[in-house]
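As a plain string of letters, each chain reads:
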Amino acid sequence: MRLDKFISQQLEVSRAIASREIRAQKVTVDGDIVKDSAFKVTADHEVEYDGNRLQMITGPRYFMLNKPQGYVCATEDEEHPTILYFIEEPLAWKLHSAGRLDIDTTGLVLLTDDGQWSHRITSPRHHCAKTYHVTLDTPLDPSVAAKFAEGVALHGDKELTKPAVLEVITPTEVLLTISEGRYHQVKRMFAAAGNHVVALHRQQIGDIVLDDDLAPGEYRELTHEEIDSIGLPAELQQTSTRRK
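Residues numbered from 1 in each chain as written. Predicted model: local features only at pLDDT ≥ 70, side-chain atom pairs only at ≥ 80, totals over all residues. Heavy atoms only, no water.

### Some points on the overall build of the protein
- Within the protein, the regular secondary structure consists of seven helices and 13 strands.
- Residues classed as buried in the protein amount to 41% of the 244 residues present.
- The contacts in the protein between residues at least 6 apart in sequence include a share of 61% that link residues at least 24 apart.
- When the accessible area of the protein is evaluated, it comes to approximately 13900 Å², of which 49% is carbon and sulfur surface.
- Here the protein holds 27 positive side-chain charges and 38 negative ones, and the gap between their average locations is 9 Å. (Helix = DSSP H or I, 4+ residues; strand = E, 2+ residues; numbered from the N terminus. Buried < 20%, exposed > 50% of the residue type's maximum accessible area, 1.4 Å probe, protein only. Contact = heavy atoms within 4.5 Å. Areas by Shrake-Rupley, 256 points an atom, 1.4 Å probe, with all protein chains shown as cover. Lys, Arg positive; Asp, Glu negative; His and termini not counted. Charge placed at Lys NZ, Arg CZ, Asp CG, Glu CD.)

In structure tokens form, the structure reads like this:
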């Protein structure tokens, strides 16, 4: 990568400004001042700007965050703080959430700069399951589990929801697993059942479970096993099978 492009990305400035900073001798590579904007930077180089080391991004990144209340799943928002507030990574603004949570919903958020990977989580075609811990306002009607398993009609939607799995913990606490991501779906499902969601916490996406060691606002990198668990899209799986 050209040095001016690298500095531009790291400082979030234009290439022209990056070139100006390079000419001003503010950039060093492996301890030596470099004034050539076209200098080729590799992952083995140690680049510093004004004495601060800059880290080159060499591949896609994957993180899990335990989202607290009061933050939106966006890269920027004019009214509310975003989840990127918690992410202390180079070029954090390039990360996006693979599926959003409402501002008052807590729990597992996956962040990445790999668009294809996140698409396998969010696309309705891939039916990636998400599990939520739901706290209800009133005790649950015992018949709701069967209704959710069959699919329920949501106000304003033409089609029933896809079958969902409901596990009762207490009369007012349940685990709900759904395989689609309609607008406010969990809250609307319980509203359709005559109940009200008091608190909502996402615990799991696919086979990726929120790490118990992460306090609200903390995050960590995903393991290789967690990343791979999302799997290939169906059409790519079929192609892979034919090649074998």
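On we go from here.
### Overview of the nonpolar core
- Val134, Phe148, Leu166, Leu176, Val186, Met189 and Phe190 are the most contacted members of the largest nonpolar core, which totals 31 residues.
- Counting only elements with at least two residues in this core, the list comes to strand E5 (62-67), strand E7 (106-112), strand E8 (130-136), helix H4 (144-150), strand E10 (173-178), helix H5 (185-192) and strand E11 (197-205).
- The contact partners of Leu176, leaving out residues within four places of it in the chain, are Lys130, Thr131, Tyr132, Val134, Phe148, Ala164, Val165, Leu166, Val186, Met189 and Phe190.
- One finds Tyr62, Met64, Leu108 and Ile230 within the second-largest nonpolar core, a separate group that totals 15 residues. (Core = buried A, V, L, I, M, F, W, Y, C linked by side-chain atoms within 4.5 Å.)

### With respect to the sheet that holds strand E4 (residues 52-54)
- Judged by pairing direction, the sheet is antiparallel, and its four strands sit side by side in the order E2-E1-E3-E4 without closing on themselves. One side of each edge strand has no neighbouring strand; the edge strands of this open sheet are strand E2 (32-33) and E4.
- Bridge count between strand E1 (residues 27-29) and E2: two bridges; the pairing is antiparallel. Bridging from a neighbouring strand, Val29 pairs with Asp32 of E2. (Pairing = 2+ DSSP bridges.)

### Observations regarding the pattern of salt bridges
- What the rule picks out here adds up to 13 salt bridges.
- Between Asp211 and Arg220 there is a salt bridge; the shortest N-O distance is 2.8 Å.
- Judged by relative accessible area, which is 22%, Arg220 ranks as partly exposed.
- The shortest N-O distance in the salt bridge between Arg220 and Glu226 comes to 2.8 Å.
- Classification of Glu226 as buried rests on a relative accessible area of 14%.
- Three or more residues are tied together by salt bridges with common partners; here these are Asp157, Glu180, Arg182 and Arg188. (Salt bridge = Lys/Arg side-chain N within 4 Å of Asp/Glu carboxyl O.)

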